[in-house]
Amino acid sequence: MPRITVPAADALIDQPITVLDHGFVRLVDYLGGDARIVQAARVSYGEGTKSVREDSALIDYLLRNHHTSPFEQVILTFHLKMPIFVARQWIRHRTARLNEISGRYSVMKDEFYRPRDFEVRYQSTVNRQGSAERAVPEATSSKVMAILQDGQARAYADYEELLSDDVARELARVNLPLSLYTEMYWQIDLNNLFHFLRLRLDWHAQYEIRAYGDAIATAVKAVCPVAYQAFEEHILHGRSFSGTEVEVLLQALDRDSLEAAITETVMRKTRRAEFLKKLDLDEG
Ligand SMILES: Cc1cc2nc3c(=O)[nH]c(=O)nc-3n(C[C@H](O)[C@H](O)[C@H](O)COP(=O)(O)OP(=O)(O)OC[C@H]3O[C@@H](n4cnc5c(N)ncnc54)[C@H](O)[C@@H]3O)c2cc1C
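Read on for a plain summary of the structure.

Thresholds applied
- Residues numbered from 1 in each chain as written.
- Predicted model: local features only at pLDDT ≥ 70, side-chain atom pairs only at ≥ 80, totals over all residues.
- Heavy atoms only, no water.
- Pairing = 2+ DSSP bridges.
- Helix = DSSP H or I, 4+ residues; strand = E, 2+ residues; numbered from the N terminus.
- Core = buried A, V, L, I, M, F, W, Y, C linked by side-chain atoms within 4.5 Å.
- Buried < 20%, exposed > 50% of the residue type's maximum accessible area, 1.4 Å probe, protein only.
- Contact = heavy atoms within 4.5 Å.
- Near = heavy atom within 4 Å.
- Areas by Shrake-Rupley, 256 points an atom, 1.4 Å probe, with all protein chains shown as cover.
- Nonpolar A, V, L, I, M, F, W, Y, C, P; charged D, E, K, R; others polar.

**Comments concerning the pairing of strand β2 (residues 23-31)**
- When strand β1 (residues 17-19) meets β2, the two strands line up antiparallel, connected through 3 bridges. Note on β2: the bridge partner recorded for Thr18 is Phe24.
- Of the strand pairs in this sheet, β2 and strand β3 (residues 75-83) are connected by 7 bridges, and their pairing is antiparallel. Within β3, the position partnered with Tyr30 by the bridge is Leu76.

**Overview of the nonpolar core**
- Within the largest apolar cluster, 53 residues are counted, with the highest numbers of intra-cluster contacts made by Phe78, Trp90, Trp186, Leu190 and Ile216.
- In terms of residue count, the dominant contributor to this core is helix α8 (residues 207-223) (10 residues).
- Ignoring anything within four residues of it in the chain, the contact list for Trp186 reads Leu76, Thr77, Phe78, Leu80, Trp90, Ala96, Arg97, Leu98, Leu193, Phe196 and Ile216.

**Here's the deal with the site of the ligand**
- Contacts to the ligand come from Arg92, His93, Arg94, Thr95, Gln129, His195, Leu199, Arg200 and His204.
- Protein coverage of the free-state accessible area of the ligand, which is 950 Å², stands at 50%.
- Looking at the shell around the ligand, its residues break down into 1 nonpolar, 5 polar and 3 charged.

As structure tokens, then:
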């Protein structure tokens, strides 16, 4: 059986997708694609790929029913450049393998993250971890930019001075701020990458890591367009409800209008049956 290649993914390899002011996401390599998910899922039946429509339906079925292991057969490797504060959030995803630039070994570059004026934001009053929607006046954003720039320049000048005094790189770096850029190679399977994207594309995640999430999503779409579509449909744009929420929804639901709304164009037969079952409204 020939190695699975995906022309859109091949075209993206080694092409950095720019993120923030100095960062990027670069797809280094990939293993498998939509076809690998299908092969892996069908191995137990000794069947290969079928029609495009059947393969897409299978991928959608696997994803919406949490049959996750076939998605683990697809692997993506990235070269990433990001500020250290983004990297700290990133490496919490333990199911990946990574190698990061060593500040003990290398001299860190004079590259720091500064948000653009309109990305300066106030603290949220409702979410302790988040930022507010309301606009920041120009005078405030200019002040923020000036403070960041000044602090970064001073920190880097001190770093260079310590290096010129022959202080060890591992010690000279310790006052460099979280806005400094770092780089890593990062490898992860598609199932865990979807988990990463679910968390980091969500509006609760910090803007800066969401920007990287968008770039990673571009690469995933190139490698596995069908699986990514299923991920968008069932995970990214889906919602889960608590037991109480389900009860309230069921009490408010009018069964007849619901059934009338689920036409064949909205949902095919199997999914319609699954949906009604979820709502305890089996077709009988
Ligand atoms: C919006 C947001 C805010 C956050 N705020 C904070 C914060 O304030 N402080 C903080 O410390 N963290 C914070 N986090 C990080 C968060 O708690 C998780 O560590 C991070 O999202 C990684 O999720 P994960 O563990 O599910 O992913 P992964 O590490 O990729 O793991 C994927 C899945 O594998 C399984 N798994 C992996 N490793 C183990 C293990 N050792 N044991 C058992 N199961 C395992 C789990 O099922 C897990 O869900 C935040 C994350 C988000 C998205």
